[in-house]
Amino acid sequence: MRRSLLAPAFVAAVFITSARLDAQQSDSASTAKPLGAVVVTASRRLQRVTDAPVTTEVISRAEIEKSGAQDLNALLTQYVGVQPEPSVAGSGGVQIEGLSSEHVLVLVDGQPLVGRIDGELDLSRVPAWMIDHVEVIKGPLSTLYGSSAMGGVVNVITRDAVLSRPAVTLAATGGTQGRLEANGAVRGSAGDVSGLFGVGRRQDDVQPGRSDQSGARANRWDANGKLKWAPAGSGLSVDGALLGVREDQRWQSGQLYYFSNNVQADGRVGVQSLLNGGSGRAGLTFYYSQFSHTSRQATLPEPVSDSGDVSTESLGRVEATYSGQVRDGQIVDAGIDVDREALSTDRILGQRRTTMSAEPYAQYTMDVGRLSLVPGARLSYSDQWGTHFTPKVAALYRLGGGVALRASVGTGYRAPDFKELYITFLNGSVGYVVHGNPDLTPETSTNVTGGLEWTGSNAYVRVQAYTNRFSSFIESVQEADSGAIEQFTYANIAHGVTRGVDVDAGVALRMLSLDASYGYLEAYDRGAGLPLLGATPRSARLTGDVQLPARVRSSLTVLYWSAAPASQATVGLATTTIYRGAFTRVDGHVSRPFARGVEGQAGVTNLFDTTPRDWPGITERRWYVGVSVDRGL
């Protein structure tokens, strides 16, 4: 009991003492969501978020800091319409609009991460300290980004060097359940060159994709670097970036401990040039992402040997882009992505497979008075599954007075992955084997979205309704029996619907800002007539941010998720859906700047210690305290 009270008592002492030392009240006004921000995801070029043809939600750096989140998974699952997804492998994936993590494309600075385990991309792999802001688009964006963008796109924009002189950032955070973090970065510019290099260490006793945290452990090293050369007046820029993550994970299920050792390494080099007096921009990017995964299991808390099941996945991409004004009010965004993907594992006949694809795309923006009409299409070719055409049209109409209407009709697709195409998996203890199916075709969806948005000087309201009809989703089917071993394979058989409404509103006053969100979702399999697992029918979020005396800023967030389908059991001819219970969580955060770029922070997650059964990544109450330094050299 005394240990549980130590963190809050320490926090109170720090901030009471700081208030006595500095009674000056900040006159900085609170700010609502950054609806005037500049984004890049909606059209693959810079534009104001209010001009984007599809609704784009921006999670700013300030929101990241006051959320207390240590990684991308913990951050995203605090927002309505983005739901945590359970994972056998302990990965932290998310659903968007009721579609699973396999159908959500995750980008870092516009480039896709590789490294899915059992279909899940572990978002806890991306540390919060690297992130400048996050752009989230709900609904298909396959026209611009290709496969896996049918549920939505999450684009992580990492922090840049923007100062004229070198500066250093240091931060450390400690908390309950083994949370320890430390990171540092050096950034700055000299002449035409700017750069950043950072490294961090994270330790935790929580696995985000699991409801049972028995035996959980996660240790990670993170590093990133960015360098940019932009000669003044030349219209040319050359930039490069590196990202690396090394992680050691463990969790317990039954009598066994499971271990996952992973290494992520990404590199990018790009050239951008202004054309036609600045009315156009062309770019060429070379990108490579590799993920190595080793899995083990043992009856002891540590693996008994270094051997295990090893797989290595990689993506090499060459990307050419062009954005330019054709005439007044008409802009073309076009390009081509050429990819080479490879997977090496003992579970594939011959141990290695590669696929090649080429995907040209184009989007045309036409402004006619208050109306912006944006048609687009993508033609995808793969040497494995052939060709696929993905059209979409979006419209933005400005009524005036800060009111805008948005609507879109489009298609999405997800190409079959290596596991579904090639892998053979034998589970001898249970008595079944799963074979890949090289004849699979892409999963497809059709989406209709409509929305209304009002933006004032210090307030906003946004309503968006959507429906997705998906078909040819890939599921496992029984193939044949061979003695005691059941044979399974994959087939394009599932069909379903997701539809819903998201409502967001916010207001910013001089010392207070409030943001509220509500989401309603229906998601079901048309063939079986059953709800889609993990799709939460109702969710809500309320956040209040208050500027207190002595420059103390505090925020309180209330999150609500209704009961959600967790599993299904079949007895005879009847199938019963088992639901996990409704859940409310309250989080709090306080921060205060001190002299010379030093800031202290503290917070609590799940203040009332509500621990529902079967919710992935939801843990008991967690306290944390931290300090950061941001100072010029």
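Report follows, based on the coordinates. Since the structure is predicted, the reported quantities are computational estimates derived from the model, not experimental observations.

Quick word on the pairing of strand E5 (residues 93–96)
Taking every second residue as pointing to the same face, both faces of E5 are buried, with Gly 93 and Gln 95 on one and Val 94 and Ile 96 on the other. Of the strand pairs in this sheet, strand E4 (residues 82–85) and E5 are connected by four bridges, and their pairing is antiparallel. Bridge assignment links Pro 84 to a residue of E5, and that residue is Val 94.

Things to note about the pattern of salt bridges
This structure, assessed with the given rule, holds 35 salt bridges. Of the charged contacts in the structure, one is a salt bridge between Arg 187 and Asp 630, with a shortest N-O distance of 3.2 Å. Taken together, the positions of Arg 187 in strand E13 (residues 180–190) and Asp 630 in strand E38 (residues 622–632) put the pair 443 residues apart, joining distant regions of the chain. A relative accessible area of 14% means that Arg 187 is categorised as buried. Salt-bridge contacts for Glu 247 lead to Arg 220; the nearest nitrogen and oxygen are separated by 2.7 Å. Placement of the pair is Glu 247 in strand E16 (residues 236–253) and Arg 220 in strand E15 (residues 217–229), with a sequence separation of 27 residues. Comparing Glu 247 with Arg 220 shows no difference in burial state: the two are buried. Residues joined by salt bridges that share partners form a network here, namely Arg 44, Arg 317, Glu 319, Asp 337, Asp 339, Glu 359 and Arg 378.

Comments concerning the sheet that holds strand E3 (residues 57–59)
Taken together, five strands build an open sheet; the order of strands is E3-E10-E11-E6-E7 and the sheet is mixed. Since the sheet does not close on itself, it has two edges, and those belong to E3 and strand E7 (111–112), each with one partner. For E3 and strand E10 (residues 131–138), the ladder comprises three bridges, and the chain directions are antiparallel. Its bridge partner being in E10, Val 58 is matched across the sheet by Glu 135.

Remarks on the nonpolar core
Ranked by size, the top nonpolar core spans 26 residues in total, and within it Ile 59, Leu 72, Leu 76 and Val 134 carry the most contacts. When residues of this core are traced back to their parent elements, those giving at least two are helix H3 (72–76), E5, strand E6 (104–108), E10 and strand E11 (152–158). Those residues in contact with Ile 59 that sit more than four places away from it in its chain are Ile 64, Leu 75, Leu 76, Tyr 79, His 133, Val 134 and Val 136. Core analysis: the second largest hydrophobic core is formed by 14 residues, Leu 141, Ala 149, Val 153 and Val 374 among them.

Comments concerning unusual backbone geometry
Where the residue is not glycine, phi is negative for most of them; where a peptide bond is considered, it is trans in most cases. The backbone of Ala 550 shows a phi angle near 60°, a positive value even though the residue is not glycine. Despite not being glycine, Arg 596 shows a phi value in the positive range, around 55°. Relative to the elements of secondary structure, Arg 596 occurs in the loop between strand E36 (583–593) and strand E37 (598–605). Taking the relative accessible area as the measure of exposure, Arg 596 reaches 64% and is therefore exposed.

Examining the side chain of Arg 250
When you line up the elements, Arg 250 lands in strand E16. Judged by relative accessible area, which is 14%, Arg 250 ranks as buried. In terms of polar contacts, Arg 250 uses its side chain to reach the backbone carbonyl oxygen of Gly 215, at 2.8 Å. Sequence-distant contacts of Arg 250, defined by excluding residues within four places in its chain, comprise Gln 207, Gly 215, Ala 216, Arg 217, Tyr 257, Tyr 258, Phe 259, Pro 301 and Glu 302.

Structural notes on the packing of aromatic side chains
For any pair of aromatic rings, geometry is given as the distance between the ring centres together with the angle between the planes. Under the definition given, this model contains seven aromatic pairs. Between the aromatic rings of Phe 470 and Phe 473, the centroid separation amounts to 4.1 Å while the plane-to-plane angle is 25°, which identifies the pairing as stacked. For the pair Phe 470 and Phe 473, one class covers both residues: buried. Three or more aromatic residues joined by ring pairs form one cluster here, namely Trp 561, Phe 583 and Trp 615. Its end group placed over the ring of Tyr 624, Arg 179 keeps NZ or CZ at 5.0 Å from the ring centre. We note Arg 592 situated over the ring of Phe 594; from NZ or CZ to the ring centre the distance is 4.9 Å.

Conventions and cut-offs
- Residues numbered from 1 in each chain as written.
- Predicted model: local features only at pLDDT ≥ 70, side-chain atom pairs only at ≥ 80, totals over all residues.
- Heavy atoms only, no water.
- Buried < 20%, exposed > 50% of the residue type's maximum accessible area, 1.4 Å probe, protein only.
- Helix = DSSP H or I, 4+ residues; strand = E, 2+ residues; numbered from the N terminus.
- Pairing = 2+ DSSP bridges.
- Salt bridge = Lys/Arg side-chain N within 4 Å of Asp/Glu carboxyl O.
- Core = buried A, V, L, I, M, F, W, Y, C linked by side-chain atoms within 4.5 Å.
- Contact = heavy atoms within 4.5 Å.
- Polar contact = N/O pair within 3.5 Å; in protein donor to acceptor, adjacent residues only side chain to side chain.
- Phe/Tyr/Trp six-rings, centres within 6.5 Å; stacked < 30°, edge-to-face > 60°.
- Lys NZ or Arg CZ within 6 Å of the ring centre and 35° of its normal.

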